[in-house]
Amino acid sequence: LQAMSGSEQDWLALKPQEPSPSQCCGSGCKPCIYDVYEKELAQWERAKAMQDKSLLMGKKEQSNNSELNPDTFTAFSVSSVEQLTEDTYQYKFELPGNSSLRLSLGQHIVLRGVVNGLEVQRAYTPISPRNAEGYFEVLIKCYEAGLMSQYIKTWKKGDVVLWRGPFGGFPYQPNKHGELLMLASGTGLAPMLPILQSITDDEEDETFVTLVGCFPTFDKIYLKPLLQDLARYWNIRIFYVLSQETSLEKLPWSYQENTYTGRLNEDLVKTIINSCRRRPYVLICGSSAFNEDMSGYLKAAGIEENSCFVF
């Protein structure tokens, strides 16, 4: 077998690497990392056929202009790390000047990390108001065995992290729905917050909102001060469902009347829907099991599929 010529080896070294399954975050991004790979591979094949390496010059691994981009990763630096509960953290990232991410509501961004030489990608939804200038914030739950969590737990102020996006989102329009019912489990709260804040920031927006936050215990409710502030608005109601609390007696009195113990089941979903001031449009975000359960309960309560959006 004849040895590969030097130039053959050069071309092979330039060939884009096919992503491994761990690199796909599974959130249905457009473009997905596999789409980006297909595009780069086609570019490489064209350049190789024409023996012209300059055709690859456009291939950038990451961009340096600090603007979020769906096709390439951009580096952002961590400006603060705040631990919210034993396994949940709020990370703040710097944006150059007073720029803003300009996400539409509930959009997510994809994080790239390398752990033990393995590249991993995961999707997270920024919780900062979408007009926040000079920074954005992300709420992240770290799992003991999670590959990405091992990487995230090492972050400290000044570290540089790679993001791309934005993807997805809920096409929210002020006053389009009489009432929004938000069913959120744990960090599923994230995409709900920018929507809530855009409603409270807009005096013309008279949409009613009922947010139901599901957490194991009272101590594990994230961002209590922010949620308490939001609940003071005339058009916002917030309920908590705590699966591992057995009684409400130990809770501060201000939480007792809007908190339920146990799980968010079919009966409770019906009760909450019946207490809504108008027929609600429902937003759901949580684990896939939670999302599936909620969709079933809503169907049982007579809420049509076209009146629901699952993040």
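Residues numbered from 1 in each chain as written. Predicted model: local features only at pLDDT ≥ 70, side-chain atom pairs only at ≥ 80, totals over all residues. Heavy atoms only, no water.

(A) Structural detail: the sheet that holds strand 12 (residues 280-285). Read across the open sheet, the six strands follow the order 11-10-9-8-12-13; overall the sheet is parallel. Since the sheet does not close on itself, it has two edges, and those belong to strand 11 (259-261) and strand 13 (308-310), each with one partner. Between one strand and the next, the sheet's axes are offset by a mean angle of 15°, whatever the strand orientation. In this structure, strand 8 (residues 179-185) lies alongside strand 12, joined through six bridges in parallel fashion. Residue pairing in the sheet places Ala 184 in a bridge with Cys 285 of strand 12. Each of strand 9 (208-215) and strand 10 (236-242) is contacted by helix 5 (residues 224-231), which is oriented at about 140° to strand 10, the strand it contacts most. Taken strand by strand, helix 7 (residues 266-275) contacts strand 8, strand 9, strand 10, strand 11 and strand 12, and its axis lies near 170° from that of strand 10. (Pairing = 2+ DSSP bridges. Helix = DSSP H or I, 4+ residues; strand = E, 2+ residues; numbered from the N terminus. Axes fitted to C-alpha atoms, helices over the stretch in contact; angles between N-to-C directions. Contact = heavy atoms within 4.5 Å.)

(B) Local environment of the packing of helix 7 against helix 8 (residues 288-300). It is the contact of helix 7 with helix 8, at a shortest axis distance of 9 Å, that shows an interaxial angle of 60°. By the angle between their axes, helix 7 is oblique relative to helix 8. The handedness of the crossing between helix 7 and helix 8 is right-handed. Along the contact surface, helix 7 presents Glu 266, Val 269, Lys 270 and Ile 273, while helix 8 presents Met 294, Tyr 297, Leu 298 and Ala 300. Of the residues that constitute the contact of helix 7 with helix 8, the class distribution is six nonpolar, no polar and two charged. (Parallel < 35°, antiparallel > 145°, perpendicular 65-115°, else oblique. Left-handed = near helix turned anticlockwise from the far one by under 90°. Nonpolar A, V, L, I, M, F, W, Y, C, P; charged D, E, K, R; others polar.)

(C) Molecular detail of the pairing of strand 12. Among the six residues in strand 12, six count as buried, and that is most of the element. Bridging between strand 12 and strand 13 involves three bridges; their strand directions are parallel. In the sheet register, Ile 284 faces strand 13, and the bridge partner there is Val 310. Assessed by its sense of winding, the connection that carries the chain from strand 12 through helix 8 to strand 13 is right-handed. (Buried < 20%, exposed > 50% of the residue type's maximum accessible area, 1.4 Å probe, protein only. Right-handed = clockwise from strand over helix to strand, strands pointing away.)

(D) Structural view of the packing of helix 4 (residues 192-201) against helix 5. Between helix 4 and helix 5, whose axes approach to 11 Å, the crossing angle comes to 35°. Of the two elements, helix 4 crosses helix 5, and the hand of that crossing is left-handed. On helix 5, the residues that touch Leu 193, Leu 196, Gln 197 and Thr 200 of helix 4 are Leu 226, Leu 227 and Leu 230. Tallied by class, residues from the contact of helix 4 with helix 5 come to five nonpolar, two polar and no charged.

(E) Region of the structure containing the pattern of salt bridges. Enumeration over the complete set of coordinates arrives at twelve salt bridges. Here Lys 220 and Glu 86 are joined by a salt bridge, their closest N and O atoms 3.2 Å apart. Placement of the pair is Lys 220 in the loop between strand 9 and helix 5 and Glu 86 in the loop between strand 2 (73-85) and strand 3 (88-94), with a sequence separation of 134 residues. A salt bridge links Arg 277 to Glu 179; the nearest nitrogen and oxygen atoms lie 3.2 Å apart. Here the residue Arg 277 occupies a position in the loop between helix 7 and strand 12, and Glu 179 occupies one in strand 8, the gap between them amounting to 98 residues. (Salt bridge = Lys/Arg side-chain N within 4 Å of Asp/Glu carboxyl O.)

(F) Region of the structure containing the UniProt feature "binding site: FAD" (unreviewed entry) in the protein chain. Mapped onto this structure's residue numbering, the UniProt feature "binding site: FAD" (unreviewed entry) falls at Arg 122, Tyr 124, Leu 139, Lys 141, Met 148 and Ser 149. Annotated residues spanning 28 residues; largest pairwise C-alpha distance 13.9 Å, indicating a single compact cluster. With respect to the helices, strands and loops of the structure, Arg 122 is situated in strand 5 (residues 118-124). Tracing the backbone shows Leu 139 in strand 6 (residues 135-141). With residues near it in sequence (within four places) discarded, Leu 139 still touches Leu 84, Thr 88, Tyr 89, Tyr 124, Ile 127, Thr 187 and Tyr 222. (UniProt positions renumbered as here; feature names shortened; annotations may be inferred.)

(G) Representation of empty space enclosed by the protein. Applying the stated criterion across every chain, the model contains one cavity of 30 Å³ or more. Size it by volume and the largest cavity reaches roughly 110 Å³. For the largest cavity, the lining is made up of 17 residues, of which Leu 103, Pro 126, Ser 128, Pro 129 and Arg 130 are closest to its centre. For the lining of the largest cavity, the class distribution of residues is nine nonpolar, six polar and two charged. (1 Å grid on protein atoms, 1.4 Å probe; cavity = no way out; pocket = protein on both sides within 12 Å on 5 of 7 lines; lining within 4 Å. Points joined across faces, edges and corners; volume = space filled by probe spheres on them.)

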